[in-house]
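Residue-level structural notes
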Amino acid sequence: MMLAPSRLVTPSLLRQTVFTRVVTFSTKAAPKEKEQYSNKQTTNVAPTTYRFIYPEFLPDPKVEWRNPIREKLERLDMIDRRSQIDIPEFYVGSILAVTSSDPHAAGKVSRFVGICIQRERCGLRARFILRNVVDEQGVEVLYEMYDPTIQKIEVLRLEKRLDDHLLYLRDALPEYSTFDTNMEPEVMEDGAPVPVNDIQVRLRPRPWLERWERQNLKGVSNIDEYLTDKRRRTAKEHEKPWEKYDLMKQYRSTIPEEEQKEIYAEVYSQLHQMELQRKRNKRKRSFVKPTKLA
């Protein structure tokens, strides 16, 4: 029995038909795929404030210390740790209360209240220092931000200072570093800008731990009172006013903006969900159930 000529399929005709179908399918699916990719890019754009709120997610700017694989794995670990504990937004100058497990404390838990005088390093090595004056003695505690022994981090007062660090509080009068251990948290409205405390502290007479006159500090008011003519001349010789125009030094000490956007776009969805959950928990804590009047 012979097939009709119209139904006869040759190998060349079969290859041509398959090729036509594949090409037709790929041309129809390409615009949709491109549209989904563009939508994904637009929805994962992180706010510009993330580089101030989450500075530890940026890698070290030194080229010899960079490792893309390690940095990506660290970001995954940091996201996982933040899903277990609430690490709120804070800056140098904010007053924090940190609760951590301590096998030598009563109840195996210790709580320390102090002002953040330094925040440094990146990735899982990020850390900060809290300072307080307890029984007329200056006490400082260094915390690793992603240390699993930390149980709770509370922001009692969210604010910034004029300088990038407050290490000079070690040589300042004690009242600038004294805070009540039972201090109640100050509530801020959602979306309100972070206030900048422009207070200028007064240092005690020399000797100091560092040569503060050489650091161009804005938060100290009386450095010049304790300087001799020789120290003023020496400080003048060590000044480097041209560094603010050194673009290459700024480039080597920071992460390019394009790379920042790429990094924060990678973790934006997880961080955004954590922020929303933190705001919901905050509203639940502030809600007071009304009592029925007799």
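Looking at an unreviewed UniProt entry, one finds the chain named Large ribosomal subunit protein bL19m and attributed to Musca domestica. UniProt annotates the chain under Subcellular location (unreviewed entry) with the comment "Mitochondrion". The record held by UniProt for the chain lists under Sequence similarities (unreviewed entry) the comment "Belongs to the bacterial ribosomal protein bL19 family."

Our focus in this paragraph is the side chain of D171. The topology assignment puts D171 in the loop between β5 (150–157) and α4 (229–237). Nearest to the buried, unbridged D171 among oppositely charged side chains is R204, at 4.6 Å. Among the polar contacts listed, one links the side chain of D171 to the backbone nitrogen of L209, at a separation of 2.9 Å. For D171, the side chain forms a polar contact with the side chain of W212, separated by 2.8 Å.

This structure, assessed with the given rule, holds 22 salt bridges. In this structure, E154 and K152 form a salt bridge, with 3.9 Å as the shortest nitrogen-oxygen distance. Of the residues examined, K152 reaches a relative accessible area of 45% and is grouped as partly exposed. A salt bridge links K261 to E257, with the shortest nitrogen-to-oxygen separation between them at 3.8 Å. Here E257 and K261 lie together in helix α6 (residues 257–286), a separation of four residues that amounts to about one turn. On the basis of relative accessibility, which here comes to 55%, the residue K261 falls in the exposed class. Overlapping salt bridges, with partners in common, bring together E56, R82 and R119 in one network.

On to the packing of aromatic side chains. This model, assessed by the stated rule, comprises eight aromatic pairs. On the numbers, 6.3 Å between centres and 80 degrees between planes, the contact of Y168 with W212 is edge-to-face. One end of the pair, Y168, is in the loop between β5 and α4; the other, W212, is in the loop between β5 and α4, with 44 residues separating them in the sequence. The two residues Y168 and W212 agree in class, both being buried. Seen from their ring centres, W208 and Y226 are 6.1 Å apart, and the 85 degrees between their planes marks the pair as edge-to-face. Highlighted residues: W208 in the loop between β5 and α4 and Y226 in the loop between β5 and α4, separated in sequence by 18 residues. You can call W208 buried: its relative accessible area is 11%. Members of the aromatic cluster, joined through ring pairs, are Y50, Y54, F57, Y264 and Y268. Residue placement shows R119 over the ring face of F90; its charged tip is 4.2 Å from the ring centre. Its end group placed over the ring of F52, K160 keeps NZ or CZ at 5.8 Å from the ring centre.

Looking now at the environment of P88. Mapped onto the elements, P88 comes out in the loop between α3 (68–84) and β1 (95–101). Judged by relative accessible area, P88 falls into the buried class, the value being 14%. Through-space distance from the C-alpha of P88 to that of I153 is 7.1 Å; in sequence the pair is 65 residues apart. What P88 contacts, discounting residues up to four positions off in sequence, is I153 and V155.

In this section: the confidence of the model for the chain. Taken over all residues, the pLDDT of the chain has a mean of 85, while the share at 70 or more is 81%. Segment residues 1–42: pLDDT under 50, and two contacts once partners within four positions in sequence are set aside and those in other chains are kept.

Calculation criteria
Residues numbered from 1 in each chain as written. Predicted model: local features only at pLDDT ≥ 70, side-chain atom pairs only at ≥ 80, totals over all residues. Heavy atoms only, no water. UniProt positions renumbered as here; feature names shortened; annotations may be inferred. Helix = DSSP H or I, 4+ residues; strand = E, 2+ residues; numbered from the N terminus. Buried < 20%, exposed > 50% of the residue type's maximum accessible area, 1.4 Å probe, protein only. Lys, Arg positive; Asp, Glu negative; His and termini not counted. Salt bridge = Lys/Arg side-chain N within 4 Å of Asp/Glu carboxyl O. Polar contact = N/O pair within 3.5 Å; in protein donor to acceptor, adjacent residues only side chain to side chain. Phe/Tyr/Trp six-rings, centres within 6.5 Å; stacked < 30°, edge-to-face > 60°. Lys NZ or Arg CZ within 6 Å of the ring centre and 35° of its normal. Contact = heavy atoms within 4.5 Å. pLDDT = per-residue confidence, 0-100.

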